[in-house]
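Chains, contacts and geometry: an overview
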Amino acid sequence: MLLNIEDYRRRTRAVLPRFVHDYIEGSADDGHCMRRNAGDLSGIELTPRVLRDTTRVDTSVEVFGRKWALPLGIAPTGLNGLVRPEGDRLLAAAAGEAGIPFSLSTASNMRLEDVRAAAPGGMQWMQLYVMHREMASQIVERARKDGYQALVLTVDVPVSGNRELDLRNGFRMPFRPTPRLAWDLVSHPRWSLRMAPRGAPDFANLTPSGSGAGSTSMQAALLARAMDQSLVWESLAWLRGMWKGPLLLKGVLHPDDARMALDHGIDGLIVSNHGGRQNDASPSAISALPRVANAVAGRIPVFMDGGIRRGGDIAKALALGAMAVFVGRPTLYGLAVGGQQGAAAVLKILADELVRNMTLLGATTVRDLPARRLAATLQAA
Ligand code: FNR
């Protein structure tokens, strides 16, 4: 029976080839940071208030002038097409139906225009990796033209984290079949048949647009798939020149960086350690959240992701200062198990759990949640 996100996680192992499963589940180095995300969330206490009228519980939030049905969005994850063909389109549609935003990764294997067309009325955010400035400018311009509502610059990947499961499985981009991967595919005929007509996955949005194949330096950057490590705070003016809408930084954990973001006119922060896939020594996202929220002091919205697996986890993050949270792996489990319906089922589980938890806490709106935190289980700086 698929009652909760953990049930979906376990089922994922049976339906995906090992290399895809491990790519999703993997973390950096020894997985300390990923485990901290879950462990620290489990240590948060929220104390109920009783005898409140909870016949109506409102989970909605307003973010950048748009109403979200839940304080929840889908985080950007690359290569979703490995989980299901056109995975991004299916996730965007599931998010659209649930009335919440979907974030598309730069490392998607679908073109951003095709994903947007799947849920034209929905809320979609574009995540940006800067590998090459010219390439990034093209993505930003295309996202602007196509009606993406916010731009999310991910700042915790100057280099990719050390994902040893991927190394052991021989999984890397550009995708090159190895005997080990071939065996993996043969042992998952259903998955392989579904994928076969599509060919090897690639980063669809990084192919230079327009005439010609882009500059030589752009081609070199694409081939190396390396980040532009010269990106600094001053570079944000370059992005701001191209993008007038909400500009967010994803991967901020230090309160001083939160202050720097305010100084540089950033519109929102996503407190995140990339689901434990980058720096294994990073604090859990939930423990960094109150420090960042204090530094920002309500001037811009603060979001959080990492380890959210229950509606109760959403309530905890909101109680500690998040306006909303994002999930990465949970909706990928849903996508793996049941395509768009599977992702929708995962979102419904989280929504139902959140309503139940808010009811139990005597909180009829998300604004009531901070007052349910009495025990200072995590120290705010
Ligand atoms: C990610 N994440 C990520 N983040 C980003 O900004 N761009 C990306 O392309 C990716 N790719 C990616 C792939 C996979 C398979 C995972 C699991 C994660 C990080 C993601 O946006 C988010 O920060 C974490 O997934 C949140 O943690 P949970 O919800 O997975 O615990």
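Computed from a prediction, not measured in an experiment: that's the story for all the values here. Position numbers for residues start from 1 in each chain and track the written sequence from start to end. In view of the model being predicted, local features appear only for residues whose pLDDT reaches at least 70, and side-chain atom pairs are presented and counted only at 80 or more, with totals across whole chains, interfaces and linings using the full set of residues.

Numbered from the N terminus, helices here are DSSP runs of H or I no shorter than four residues, and strands are runs of E no shorter than two. Regarding its fold elements, the chain presents 15 helices and 10 strands. Here the globule rule reads 2.2 Å times residues to the power 0.38, and the radius of gyration is calculated from C-alpha atoms. What you see for the chain is a C-alpha radius of gyration of 20 Å, in line with the 21 Å of a compact globule of 381 residues. Reported as C-alpha extents along the three principal axes, the dimensions of the chain are approximately 65 × 50 × 40 Å.

Take the site of the ligand next. Nearness here is judged by the C-beta atom: place it from the backbone, and if it falls within 6 Å of a molecule or strand, the residue counts as near that partner. The ligand sits among 23 residues. The nearest are Ala75, Gly78, Ser105, Gly275 and Gly328. In terms of residue class, the shell around the ligand is built from 7 nonpolar, 12 polar and 4 charged. Note on residue categories: nonpolar means Ala, Val, Leu, Ile, Met, Phe, Trp, Tyr, Cys or Pro, charged means Asp, Glu, Lys or Arg, and polar means any other residue, Gly included.

Walk down a regular strand and you will see the side chains alternate between the two sheet faces. Counting other C-beta atoms within 10 Å of each residue's C-beta, where C-beta atoms are placed from the backbone, gives the exposure class: buried for 20 or more, exposed for 12 or fewer, partly exposed between. Side-chain alternation along strand S8 (residues 268-271) places Gly268 and Ile270 on one buried face and Leu269 and Val271 on a second face that is also buried. In this description, strands pair whenever DSSP reports at least two bridges between them. Relative to S8, strand S7 (residues 247-252) is paired through 4 bridges, and the arrangement is parallel. Bridge pairing in S8 places Leu248 opposite Gly268. Here 3 bridges tie S8 to strand S9 (residues 302-305), and the two strands are oriented parallel to one another. Within the sheet, the bridge partner assigned to Val271 lies in S9 and is Met304. Of the crossover connections in this fold, the one passing from S8 over helix H13 (residues 285-296) to the parallel S9 is right-handed. Handedness is read with the strands pointing away from the viewer; a crossover is right-handed when the path from the first strand over the helix to the second is clockwise.

For the rest of this paragraph, the subject is the packing of helix H14 (residues 311-319) against helix H15 (residues 329-361). Think of each axis as a best-fit line through the C-alpha atoms, taken over the contacting stretch in the case of a helix, with angles from 0 to 180 degrees between the N-to-C directions. Where H14 contacts H15, the two axes come as close as 7 Å, and the packing angle between them is 60 degrees. Between H14 and H15, the interaxial angle falls into the category oblique. By crossing handedness, the relation of H14 to H15 is classed as right-handed. Together, Gly311, Gly312, Ile314 and Ala315 of H14 and Leu350, Ala351, Asp352, Glu353, Leu354, Arg356, Asn357, Met358 and Leu361 of H15 make up the contact between the two elements. Broken down by class, the residue content of the contact of H14 with H15 amounts to 7 nonpolar, 3 polar and 3 charged. Convention used here: angles under 35 degrees read as roughly parallel, angles over 145 as roughly antiparallel, angles from 65 to 115 as roughly perpendicular, and any remaining angle as oblique. Each crossing is labelled by how the near helix is turned from the far one, with a counterclockwise turn of less than a right angle marking it left-handed and a clockwise turn marking it right-handed. The contact rule is simple: place each C-beta atom from the backbone, and if two of them lie within 7 Å, those residues are in contact.

We now examine unusual backbone geometry. Each neighbour pair has its own omega, and for Met173 with Pro174 the value is -5 degrees, a cis peptide bond. Relative to the helices and strands, Pro174 is located in the loop between helix H7 (164-169) and helix H8 (179-186). Non-glycine residue Ala297 carries a positive phi angle of around 50 degrees. Within the secondary structure, Ala297 sits in the loop between H13 and S9. Using a count of 11 C-beta atoms within 10 Å as the deciding quantity, one classes Ala297 as exposed.

Let us now look at the confidence of the model for the chain. On a scale of 0 to 100, pLDDT captures the predictor's confidence in every residue. Looking at the chain, pLDDT values average 95 and 97% of them are 70 or higher. As a predicted assembly, this complex carries a pTM of 0.97 together with an ipTM value of 1.00.

Here the focus is helix H6 (residues 133-145). For a helix, the expected span equals 1.5 Å multiplied by the number of residues minus one. If you check H6, its first and last C-alpha atoms are 18 Å apart, about what 13 residues at 1.5 Å a residue would give, namely 18 Å. The set of residues buried in H6 consists of Met135, Ala136, Ile139, Val140 and Ala143. The arc that holds every buried residue of H6, seen down its axis, measures 135 degrees, which confines them to one face. Residues of H6 that are buried in the fold lie against helix H5 (112-118), strand S5 (124-128), strand S6 (150-154), helix H10 (216-224) and helix H11 (236-242). Our arc is simply the arc of the directions from the helix axis toward the C-beta atoms.

This brings us to the packing of helix H4 (residues 87-98) against H15. At a minimum axis distance of 8 Å, the contact between H4 and H15 shows a crossing angle of 15 degrees. Taken as axis vectors, H4 and H15 run roughly parallel relative to one another. Regarding H4 and H15, the two cross each other, and that crossing is left-handed. Residues Gly87, Leu90, Leu91, Ala93, Ala94, Glu97 and Ala98 of H4 form the contact with H15, whose participating residues are Thr331, Leu335, Gly339, Gln340, Ala343, Ala344 and Leu347. Broken down by class, the residue content of the contact of H4 with H15 amounts to 9 nonpolar, 4 polar and 1 charged.

Our focus in this paragraph is the pairing of S6. Counting buried positions along S6 yields 5 of 5 residues, so the element is predominantly enclosed. Side chains of S6 alternate between two faces, with Ala150, Val152 and Thr154 and Leu151 and Leu153 buried alike. With 4 bridges connecting them, S5 and S6 associate as parallel partners. If you follow Met126 over to S6, its bridge partner there is Leu151.

Let's shift gears to the environment of Arg240. Residue placement: Arg240 occurs in helix H11. Judged by C-beta crowding, with 14 C-beta atoms within 10 Å, Arg240 ranks as partly exposed. Placed 102 residues apart in sequence, Arg240 and Gln138 show a C-alpha to C-alpha distance of 14 Å. In this view, Arg240 contacts Leu247 and Gly265; residues no more than four positions away in its chain are not counted.

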